[in-house]
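Here's the letter readout for the chains.
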Amino acid sequence: MDEGGDDDSVDVVITTTLITSSSLSESVSTELTGLFVEKPPENVVAVTGKDIIFIAKVDSSKLTRKPTMKWLKGKWLDLGSKAGKHMQFKETYDRNTKVYTYEMKIIKVIPGDAGGYRCEVTSKDKCDSCTFEISVEAAHQEEHVDILSAFKRADAGEDEGDLDFSALLKAAKKKKPKKQEEQIDVWELLKNAHPSEYENIAFKYGITDLRGMLKRLKKMKTVEPKHTEGKARYIMETDGNIRRLTINKTNLADDAAYECVVGEDKSFTEVFVKEPPVTITKLMDDYHVVVGERVEFEIEVSEEGAHVMWFFEDVELHRDKDSKFRFKKDGKKHTLIIQEATLDDIGMYHAWTNGGHTKGELEVEEKELEVLQDIADLTVKATDQAMFKCEVSDDKVTGKWFKDGVEVLPSDRIKMTHIGRFHRLIIDNVKPEDAGDYTFIPDGYALSLSAKLNFLEIKIDYVPRQDPPKIHLDTTGNMVSQNTIIVVAGNKLRLDVEITGEPAPTVVWSKGDKEITANEGRVRVESRKDLSCFVIEGAEREDEGNYTICVNNPAGEDKAVLFVKIVDVPDPPESVKCTSVGEDCATITWEPPKFDGGVPVKGYLMERKKKGSSRWTKLNFDVYESTTYEAKRMIEGVLYEMRVFAVNSIGLSQPSLNSKPFMPIAPTSEPTRLVVHDVTDSTCTLKWLAPEKIGAGGLDGYIIEYCKEGDTEWVVANKDLCERQGYVVRGLPVGEKINFRVVAVNIAGHSAPAKLAQPVTIREIVEYPKIRLPRELRTKYIRKVGEKINLTIPFQGKPRPIATWYKDGQPIDPKAVSVRTTNIDSIFFIRSAEREHSGKYELVLQIENMEDRAALEIRIVDKPGPPVNVKVTDVWGFNAALEWEAPRDDGNCEITGYTIQKADLKTKEWFTVYEHNRRTNCTCSDLIMGNEYMFRIYSENFCGLSEDPSFSKNTAAIAKTGLEIKQNPFKEKDMTCMPKFTRPLVDRSVVAGYSTAISCAVRGFPKPKIIWMKNKMIIGGDPKFLMQNNQGVLTLNIRKPSTFDGGKYSCMAVNDLGKDEVECKLDVRIAKDPDKEKK
């Protein structure tokens, strides 16, 4: 018996039936014989390194086909696939004896060959098998063998150099003479010992095959009740001869062999427990990366230590075979790692467990370097510091700096740095020869960034003492026009303004009406000789505006207005939403950012992810200019979320808010097999089948549309969706040709329409009325009083015919008979039939001036009345003649016979004289002289005997003759005797499902008590068994026996003088299907 469980909560029930001594003695005589003439021995001890042969012989003289032999190890391992140098199989046939000989030879036995084996032979519908077990022992060693070899294991394989103390102990025991000791059962000792003591006991008693020892202990495992949370793990029950072991909440530890031992008898079974299925709790994400990036596909499973198989497309990935792939396990997390992705890695990756599957797509694109911040032109004075800075998208990219086409080399005054994505060129103590064009070229990319370094030379001219102040603005550098300065948010603005005038003028900076006087802080003014510096640290959007510089001295004043424009990355796009979906695509729209950062937005970057995941996948690497995007290559039925980045010349915005989750779902395919089922003057009935492809969106219903031939405007016929695959379109104009089409609808929208090939003309099709009377109604229909009558009469005809029922030429009474008529049939129903319902009925079907008729005769029958005028017409000798007349009420059917009974006026016990007597007279013979008899007669018809008999009007007296007989004194004979069966029970073989009976005959006085038994158990009031006793003939009727009803049946007769018993065997076999046997 094999029991298994898919999870740890499965219960297993093992049932064993005990056979008592009496039933055991009966069953011993029946012994099944198989196909084997010779079998391998049940237990074989093999020696390591020696050859061993097993032989099995099969007699084929009674077989119609050649037998097939299989050698198996354990339960299912077919050894035929292991044939080779280690195992060899041979088959021979003897034509004289018709015996097949099968041999299995194991060459150089190894410890791994130990275990249970089975040989199984089959031939058409016959099968037989036998089991045997092989135990492997180490080879015996001689005393002169080197002592070191005694330490080495005989079955160590690669570890043959390790020491084996058990072999040494065994060799030592051989040298010493054994003392006479008591016989100790080592297995009982092991069964009662703790597992930690197994090794010591094995060493002590010379057991070297520890693995075989543990396997045998597992089979000998005795189950003890264990309790968990108030409920026993093992429950042992007794129900009569049945012993039941219940294992609650099975786990893998319960996978073992179990034995039920009663005295010296054993019953053996094995329970196999399967591991519960491992499901995937976290699905795999999609990846969109560039060449060289690291990819980690991560999933989570329901069980720790579960086995996960990884596939790329249809190829399984292995740790040894594919060195570029790494596999990582961390508890329930399993990760597939690709260190550096290449274009060859593009495709679908799958993860499989024994209870789940998930997949993720990897998209790899070539590297494209993006300039996030370009280098800007600089204007500096002598001895100042000049710094060129740029930012690229890849922090691993290196590059070189050039001045006027010549590579710039580092020195004490010139330094080049690379920190993350930023590359800087710093020139300290600027000199006039440093002025020129500077270029940064990234390594490996056809890209260059250029800027110009302008050297500001300060000239000191002689100025008269009363020179009015003047502001000298440098229109190069950050100025895009004469009075506009552009600053990137977050950068530093330092505006050096040269001022001349004598005496030294006073400088005032202001923004709007607010004067800027601070010389420290984020926004400050620094004053030097002939120079005023306006500084903004970390420019912000609020710093944008018009700034005024005003200088004055006694000779006059000068004024200049500058507009500082702050540019930044744009705000995130807004209102990201999904407007439509397809089978593997979705259309996403959004609104541009409210603030573009001061410079036009170049475009957008999109990302998506599966709902519940934290891994975002890029959808585009090139800037996308439109605000509508169609995302493709999605998985139907999976929820996704989208977000969008805005890009301008300054950089990348923050991501937008995630869109609402959406699911790619496609409409269904068009409905199939659209046909016209029926047409009338104003309706058309359509029928169709469901679409071949429905998809994850399911199917909500159908829309039916129609239009006149030549028109293009389709009219919807149904207000609500039609869920059935059929619809009646009503209100159609008579005689018009109408086109019809049906559209399937689900959450994704409408499918393609299914159209009729040709338009339909709306006109009633006239069909001649025709009644199809069932075959059983074409003859007289007979039913008993009180039975239900339900007749369905199908018919055809168009337009809908009018059905009218008549009884004996008159319309039927609706109170007596119920009639319901549909388009295709008429149902005739009588709840409880009475005699007056008998008669000839006629169904008339009319369509205008056409009609069809069908007649049927119904007869309701009842039991007849008693016969009339029963009388004794003549008496002679020991005979009496009777006559009577037929009953006045025959029950509405023919009288089939009469039953005549007689009774002595003294005892008035009635005895049947004749049954099924068809005439209205009879002669009763063998009457007893001196007695007077009366008679009664029952009439009989199809329904049975009449309720009451008719008694004879006179009696028949059997007169005594004038002879006198001188009788000897009467001596009453002693009739008492103990029960004795005169006819025994006979063994029977019956087919399951067919009722049967077994009978015997018994005599005995006083009348014995009869007891029927099955398998020595008294049969009680089971309705399946009917026990009858007719004048000593005993019958046991078994209604529809099953295979469970087979066994030993016995009948016991008991009275005061003793008892007697007979028995038989009942074999219930299952009927065989001849068609299957032919196959």
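Draft legend 1. Quick look at the overall build of the chain. For the chain, the helix and strand inventory stands at 6 helices and 86 strands. By element, 49% of the accessible surface of the chain is carried by carbon and sulfur atoms, the whole surface being about 65600 Å².

Draft legend 2. Quick look at empty space enclosed by the protein. This structure, assessed with the given rule, holds 1 cavity of 30 Å³ or more. Considering only enclosed or pocket space, the largest cavity measures out at about 40 Å³ in volume. Forming the boundary of the largest cavity are Asp 285, Asp 286, Arg 608, Lys 609, Lys 610, Ser 613, Arg 615, Thr 617 and Tyr 640. Residue composition of the lining of the largest cavity, grouped by class: 1 nonpolar, 2 polar and 6 charged.

Draft legend 3. Representation of the pattern of salt bridges. Counted under the stated rule, the structure contains 35 salt bridges. A salt bridge links Lys 693 to Glu 583; the shortest N-O distance between them is 2.7 Å. Residue Lys 693 is found in the loop between β52 (684-689) and β53 (701-708), and its partner Glu 583 is found in the loop between β45 (574-581) and β46 (586-591); the two are separated by 110 residues along the sequence. On the accessibility criterion, Lys 693 (44% relative accessible area) is partly exposed. A salt bridge links Glu 787 to Arg 783; the nearest nitrogen and oxygen atoms lie 3.9 Å apart. Under the relative-accessibility criterion, Glu 787 is labelled partly exposed at 31%. Taking the relative accessible area as the measure of exposure, Arg 783 reaches 29% and is therefore partly exposed. Bridged by salt links that share partners, the residues Lys 492, Arg 494, Asp 496, Arg 524, Glu 526 and Glu 537 form one connected network.

Draft legend 4. Spotlight on the pairing of strand β19 (residues 295-301). The alternating pattern of β19 places Val 295, Phe 297, Ile 299 and Val 301 on a buried face, while none of Glu 296, Glu 298 and Glu 300, on the opposite face, is buried. Strand direction decides the pairing type here: strand β17 (residues 280-282) and β19, joined by 2 bridges, are antiparallel. Note that in β19 the partner of Ile 280 across the bridge is Val 301. In this sheet, strand β23 (residues 333-338) lies alongside β19 in antiparallel orientation, the contact comprising 6 bridges. Of the residues in β23, the one forming a bridge with Glu 296 is Ile 337.

Draft legend 5. Seen up close, a positive patch on the surface. On the surface, Lys 770, Arg 772, Arg 775 and Arg 778 cluster together into a positively charged patch. Its location among the elements puts Arg 778 in the loop between β60 (767-771) and β61 (781-784). Note on Arg 778: relative accessible area 56%, which makes it exposed.

Draft legend 6. Just the sheet that holds strand β49 (residues 628-631), in detail. Taken in spatial order, the 3 strands line up as β45-β46-β49 in an open sheet, and their pairing is antiparallel. Looking along the sheet, the strands with just one partner apiece sit at the ends: β45 and β49. Strand-to-strand twist across the sheet, computed as the mean angle between neighbouring axes with direction ignored, equals 25 degrees. Note that β45 and β46 share 5 bridges and pair antiparallel.

Draft legend 7. Representation of the pairing of strand β50 (residues 640-648) within the structure. With respect to burial, β50 is a largely interior element, 9 of its 9 residues being buried. Of the two faces of β50, the one holding Tyr 640, Met 642, Val 644, Ala 646 and Asn 648 and the one holding Glu 641, Arg 643, Phe 645 and Val 647 are both buried throughout. Pairing geometry for strand β47 (residues 601-610) and β50, over 9 bridges, is antiparallel. Its bridge partner being in β50, Lys 609 is matched across the sheet by Glu 641.

Draft legend 8. Up close: the nonpolar core. The biggest cluster of nonpolar side chains holds 25 residues, and the ones touching the most others in it are Phe 36, Phe 54, Met 69, Trp 71, Met 104, Ile 106 and Ile 134. Aside from chain neighbours lying at most four places away, what touches Ile 106 is Lys 50, Asp 51, Ile 52, Phe 54, His 86, Met 87, Asp 113 and Ile 134. If you look at the next biggest cluster of nonpolar residues, it comprises 23 residues, including Val 289, Val 295, Ala 306 and Trp 310.

Draft legend 9. Representation of a negative patch on the surface. Taken together, Glu 275, Glu 303, Glu 304 and Asp 330 make up a surface patch of like negative charges. Within the secondary structure, Glu 303 is located in the loop between β19 and β20 (309-312).

Draft legend 10. Spotlight on the sheet that holds strand β8 (residues 99-106). What the 4 strands build is an open sheet, ordered β2-β4-β8-β7; its pairing is antiparallel. Each end of this open sheet is capped by a strand with a single partner; those strands are β2 (36-38) and β7 (87-94). Across the sheet, the mean angle from the axis of one strand to that of its neighbour is 25 degrees, orientation sign disregarded. The pairing of β2 with strand β4 (residues 52-59) spans 2 bridges and is classified as antiparallel. Bridge pairing in β4 places Glu 38 opposite Lys 57.

Draft legend 11. Molecular detail of the side chain of Glu 363. Residue placement: Glu 363 occurs in strand β25 (residues 356-365). A distance of 3.1 Å separates the side chain of Glu 363 from the side chain of His 288, its partner in a polar contact. Discounting chain neighbours no more than four positions away, the residues touching Glu 363 are Tyr 287, His 288, Val 289 and Arg 633.

Draft legend 12. Local environment of the environment of Asn 1030. Position of Asn 1030 among the secondary structure elements: in strand β83 (residues 1025-1030). Using a relative accessible area of 53% as the deciding quantity, one classes Asn 1030 as exposed. Residues Asn 1030 and Ala 1001 lie 29 residues apart in sequence; the distance between their C-alpha atoms is 9.4 Å.

Draft legend 13. Structural detail: the packing of aromatic side chains. Taken as a whole and assessed by the stated rule, the structure comprises 23 aromatic pairs. Each ring, one from Phe 828 and one from Tyr 841, has its centre 5.1 Å from the other, and the planes form 75 degrees; the classification is edge-to-face. On the criterion of sequence distance, the pair formed by Phe 828 in strand β66 (residues 825-830) and Tyr 841 in strand β67 (residues 839-847) is long-range, its members being 13 residues apart. Owing to a relative accessible area of 0%, Phe 828 belongs among the buried residues under this scheme. With a relative accessible area of 2%, Tyr 841 lands in the buried category. Ring geometry for Trp 884 against Tyr 898: centres 5.5 Å apart, planes inclined by 70 degrees, an arrangement best described as edge-to-face. Taken as a pair, Trp 884 in strand β70 (residues 879-885) and Tyr 898 in strand β71 (residues 897-904) lie far apart in primary sequence, 14 residues in all. Each member of the pair, Trp 884 as well as Tyr 898, carries the same accessibility label: buried. Through a chain of ring-to-ring contacts, three or more aromatic side chains come together here, namely Tyr 287, Phe 297, Phe 312, Phe 325 and Tyr 349. The lysine or arginine in question, Arg 741, covers the ring of Trp 714, its NZ or CZ lying 4.2 Å from the ring centre.

Draft legend 14. Representation of the confidence of the model for the chain. Mean pLDDT over the chain: 82, with 88% of residues reaching 70 or higher. For the stretch residues 225-230, pLDDT sits under 50, and the model shows 9 contacts to residues farther than four places along the chain or on other chains.

Draft legend 15. Representation of the environment of Phe 981 in the model. Structurally, Phe 981 is set in strand β78 (residues 977-983). Sequence spacing of Phe 981 and Cys 1051 is 70 residues, and the spatial spacing of their C-alpha atoms is 9.6 Å. What Phe 981 contacts, discounting residues up to four positions off in sequence, is Cys 1000, Ala 1001, Val 1002, Leu 1034, Cys 1051, Met 1052, Ala 1053, Asp 1060, Glu 1061 and Val 1062.

Draft legend 16. A look at unusual backbone geometry. Cis rather than trans, the peptide bond between Lys 798 and Pro 799 has omega equal to -5 degrees. Within the secondary structure, Pro 799 sits in the loop between β62 (789-798) and β63 (802-807). For the peptide bond that leads from Phe 1005 to Pro 1006, omega is 5 degrees, which places it in the cis range. Secondary-structure assignment places Pro 1006 in the loop between β80 (996-1005) and β81 (1009-1014). A positive phi angle, near 70 degrees, is found at Lys 1016, a position not held by glycine. Among the secondary structure elements, Lys 1016 is positioned in the loop between β81 and β82 (1017-1018). Taking the relative accessible area as the measure of exposure, Lys 1016 reaches 33% and is therefore partly exposed.

The rules behind the values
Counting restarts for each chain, with residues numbered from 1 along the sequence as it is written. In keeping with the predicted nature of the model, local features appear solely for residues at pLDDT of at least 70, side-chain atom pairs appear and are counted solely at 80 or more, and the whole-chain, interface and lining totals rest on all residues. Hydrogens and water are ignored here; the side-chain numbers use all heavy atoms of the structure. Numbering of helices and strands runs from the N terminus, with a helix taken as a DSSP run of H or I at least four residues long and a strand as a DSSP run of E at least two residues long. To measure how exposed things are, a 1.4 Å probe is used in the Shrake-Rupley method; for residues, cover is taken only from the protein chains shown. In the cavity and pocket records, a cavity denotes points on a 1 Å grid over the protein atoms alone where a 1.4 Å probe fits but cannot get out, a pocket denotes an open set with protein on both sides within 12 Å along at least 5 of 7 lines, and lining residues are residues with an atom within 4 Å of a point. Grid points are joined across faces, edges and corners, and a volume is the space filled by probe spheres set on the points. The classification used treats Ala, Val, Leu, Ile, Met, Phe, Trp, Tyr, Cys and Pro as nonpolar, Asp, Glu, Lys and Arg as charged, and all other residues, Gly among them, as polar. Salt bridges, as used here, are contacts in which a Lys or Arg side-chain nitrogen is within 4 Å of a carboxyl oxygen on Asp or Glu. With a 1.4 Å probe rolled over the protein chains alone, any residue whose accessible area is under 20% of its type maximum counts as buried; one over 50% counts as exposed, and the rest are partly exposed. The pairing criterion for strands is at least two bridges between them, as found by DSSP. Residues enter patches when their relative accessible area tops 30% and they take part in no salt bridge; the joining distance is 9 Å for like charges and 5 Å for the nonpolar side chains Val, Leu, Ile, Met, Phe, Trp and Tyr. His is not counted, nor are the chain ends, whereas Lys and Arg count as positive and Asp and Glu as negative. Taken as the charge centre is NZ of Lys, CZ of Arg, CG of Asp or CD of Glu, depending on the residue. Helix axes use the C-alpha atoms of the stretch in contact, all axes being lines fitted to C-alpha atoms, and the angles between their N-to-C directions lie in the range 0 to 180 degrees. By nonpolar core we mean a set of buried residues, namely Ala, Val, Leu, Ile, Met, Phe, Trp, Tyr and Cys, connected to one another through side-chain atoms within 4.5 Å. In what follows, a contact means two residues having at least one pair of non-hydrogen atoms within 4.5 Å. Any N or O atom pair separated by 3.5 Å or less is treated as a polar contact, with the protein-specific requirement of one donor-capable and one acceptor-capable atom, and with residues adjacent in sequence counted only for side-chain atom pairs. Here is the rule: rings of Phe, Tyr and Trp (six-membered ring for Trp) pair when centre to centre is within 6.5 Å. Planes less than 30 degrees apart are stacked, more than 60 are edge-to-face, and the remainder are tilted. Charge over a ring is defined by NZ of Lys or CZ of Arg lying within 6 Å of the ring centre and within 35 degrees of the ring normal. Think of pLDDT as the predictor's per-residue confidence, scored from 0 to 100.

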